[in-house]
Amino acid sequence: MPTILGQNQYGKAENRVVKITRDGDTHHIKDLNVSVALSGDMDDVHYSGSNANVLPTDTTKNTVFAFAKEHGIESAEQFGIHLARHFVSSQEPIHRARIRIEEYSWERIATSDGNSKFIGADEVRHSFARKDMETRVSQITYDGENWEVISGLKDLTVMNSTNSEFWGYVKDKYTTLKEAYDRILATDVSARWRYNWTSDEQRMPNWEKSYEQARKHMLHAFAETYSLSLQQTLYQMGSRIINSRSEIDEIRFSLPNNHHFLVDLEPFGLKNDNEVYFAADRPYGLIEATVLRDGVEPKIPVDMTNL
């Protein structure tokens, strides 16, 4: 049977670009991992090998680095918008550009005060330590008319040491889990939220502020929810963001339940009064759901593996 070409795209993946902004003696860092995917009139390169419509992936890599200099990196989202607009508007065969970005955070190293015996100890404003917390992520897609911006984070580890219960669940002959009325609730948050900014005619969100506020509301909801299930906590986290940030219409979470089991200390003549736990890394419960503004259609993929 004859074959035909289906969906296709190409580009340069995982371009690591670090931009240092020097404000006098004070330096600032933006550390991004940028992946570019382009699609459009690419039938010939697949059927005959003609590269007439192909912008080399090496060129897309060079563009990432050049744009870091020419436009700076105000935010991951704004940088992705610059790139997507450029590829679609400057290359006629390219009809759609998707830019995926991971951002790695750094924090300034606190140095000695002015009374230190070390020379220059109070003048260092260019030393940083990599934060071992979440990775910020964003995906910007542009087709020449419409934008889709999905932002979020992954690997944000959080824990409540109390104010969490789990009881009243279905039990059958295979159930051995005991009901818990005071347990540890811990998870590694992976979240993606979609902005309702889709056109250049609309006012663009403040990407940096929006991310910081969404993260803040997410953490506040996690900390302030007396949880009877991780599902309940997830919904409260999503609702808090939707209700607090008008520019966000949809958010999807993937939350592993990082189980902590009380250790039996009775063989050693000791009582474990919710103090000592075994942290199990697998298997784990996996709770996933989307929270939407009422009346909004979901667009974030259910499987966020490659998002």
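Residues numbered from 1 in each chain as written. Predicted model: local features only at pLDDT ≥ 70, side-chain atom pairs only at ≥ 80, totals over all residues. Heavy atoms only, no water.

Quick look at the sheet that holds strand β8 (residues 185-195)
Where we set the bar: Any two strands with at least two DSSP-identified bridges between them are counted as paired. Under the DSSP-based scheme used, a helix requires at least four consecutive residues in state H or I and a strand at least two consecutive residues in state E, with every element numbered from the N terminus. Every axis in this analysis is a line fitted to C-alpha atoms, fitted for helices over the stretch in contact. Angles between the N-to-C directions lie between 0 and 180 degrees. By definition, residues are in contact when any of their heavy atoms lie within 4.5 Å.
As summarised here, the arrangement of the eight strands in space is β1-β2-β3-β6-β7-β8-β9-β12, forming an open sheet in which the pairing is antiparallel. Both edges of this open sheet fall to β1 (15-23) and β12 (285-292), since each of them pairs with a single strand only. Here the strands of the sheet are splayed against their neighbours by 20 degrees on average, with no regard to which way each runs. Running at roughly 35 degrees to strand β7 (residues 147-160), helix α4 (residues 207-224) makes contact with β2 (26-40), β6 (135-142), β7, β8 and β9 (248-257) of the sheet.

So, helix α5 (residues 230-244)
What counts here: Helices are assigned an expected span. That span is 1.5 Å times one less than the residue count. For the exposure calls, accessible area comes from a 1.4 Å probe over protein chains only, and a residue counts as buried if that area is under 20% of its type's maximum, exposed if over 50%, partly exposed in between.
The end-to-end C-alpha distance of α5, which contains 15 residues, comes to 21 Å, matching closely the 21 Å that a straight helix rising 1.5 Å per residue would cover. Taken together, the buried positions of α5 are Leu230, Thr233, Leu234, Met237, Gly238, Ser239, Ile241 and Ile242. Among the structural elements, β8, α4, β9 and β12 are those in contact with the buried residues of α5.

Some thoughts on the confidence of the model for the protein
Keep in mind that low pLDDT regions are not for reading the predicted coordinates in detail. What counts is decided by this rule: Per residue, pLDDT measures the predictor's confidence, with a range of 0 to 100.
Scored by pLDDT, the protein has a mean of 92; 95% of the residues are at 70 or more. For the protein, per-element mean pLDDT is lowest for strand β5 (residues 128-130), which scores 74, and highest for helix α3 (residues 76-90), which scores 98.

Notes on the nonpolar core
To keep it simple, the criterion reads: Take the buried Ala, Val, Leu, Ile, Met, Phe, Trp, Tyr and Cys residues and link them wherever side-chain atoms come within 4.5 Å; each set so joined is a nonpolar core.
Grouped together as the largest cluster of nonpolar side chains are 53 residues, with contacts concentrated most on Val34, Phe79, Ile99, Val189, Trp193, Met218 and Phe253. For this core, the leading source of residues is α3, giving seven residues. Once you skip the residues sitting within four places of it in the chain, Val189 turns out to touch Leu153, Lys154, Asp155, Leu156, Val158, Met218, Met237, Phe253, Ser254 and Leu255.

Examining a nonpolar patch on the surface
Here is the rule: Surface patches are drawn from residues lacking salt bridges whose relative accessible area is over 30%; two like charges belong together within 9 Å, two nonpolar side chains (Val, Leu, Ile, Met, Phe, Trp, Tyr) within 5 Å. Note on areas: these come from Shrake-Rupley sampling with a 1.4 Å probe, and a residue is covered only by the protein chains present in the view. When a carboxyl oxygen of Asp or Glu lies within 4 Å of a side-chain nitrogen of Lys or Arg, that pair is called a salt bridge.
On the surface, Trp167, Tyr181, Tyr226 and Leu228 cluster together into a nonpolar patch covering about 430 Å² of accessible area. Note on placement: Tyr181 falls in the loop between β7 and β8. Residue class for Tyr181 comes out partly exposed when judged on its relative accessible area of 48%.

A look at the layout of surface pockets
Going by this rule: Any residue with an atom within 4 Å of a point lines the site, the site being either a cavity, points on a 1 Å grid over the protein atoms alone where a 1.4 Å probe fits but cannot get out, or a pocket, an open set with protein on both sides within 12 Å along at least 5 of 7 lines. Grid points are joined across faces, edges and corners, and a volume is the space filled by probe spheres set on the points. Note on residue categories: nonpolar means Ala, Val, Leu, Ile, Met, Phe, Trp, Tyr, Cys or Pro, charged means Asp, Glu, Lys or Arg, and polar means any other residue, Gly included.
In this model, the largest pocket occupies a volume close to 710 Å³. Taken together, 19 residues line the largest pocket, and the ones lying closest to its centre are Leu177, Lys178, Ala180, His260 and Phe261. At the level of elements, α5 and β10 (260-262) are the ones that each hand at least two residues to the lining of the largest pocket. Element by element, the count of residues in the lining of the largest pocket is highest for β10, at three residues. Here the residues of the lining of the largest pocket are counted per class, giving 10 nonpolar, five polar and four charged.

Section: the side chain of Ser164
The topology assignment puts Ser164 in the loop between β7 and β8. According to the relative accessible area criterion, Ser164 is buried, its value standing at 1%. With near-sequence residues (within four places) excluded, Ser164 lies in contact with Tyr181, Asp182, Arg183, Leu185 and Ser227.

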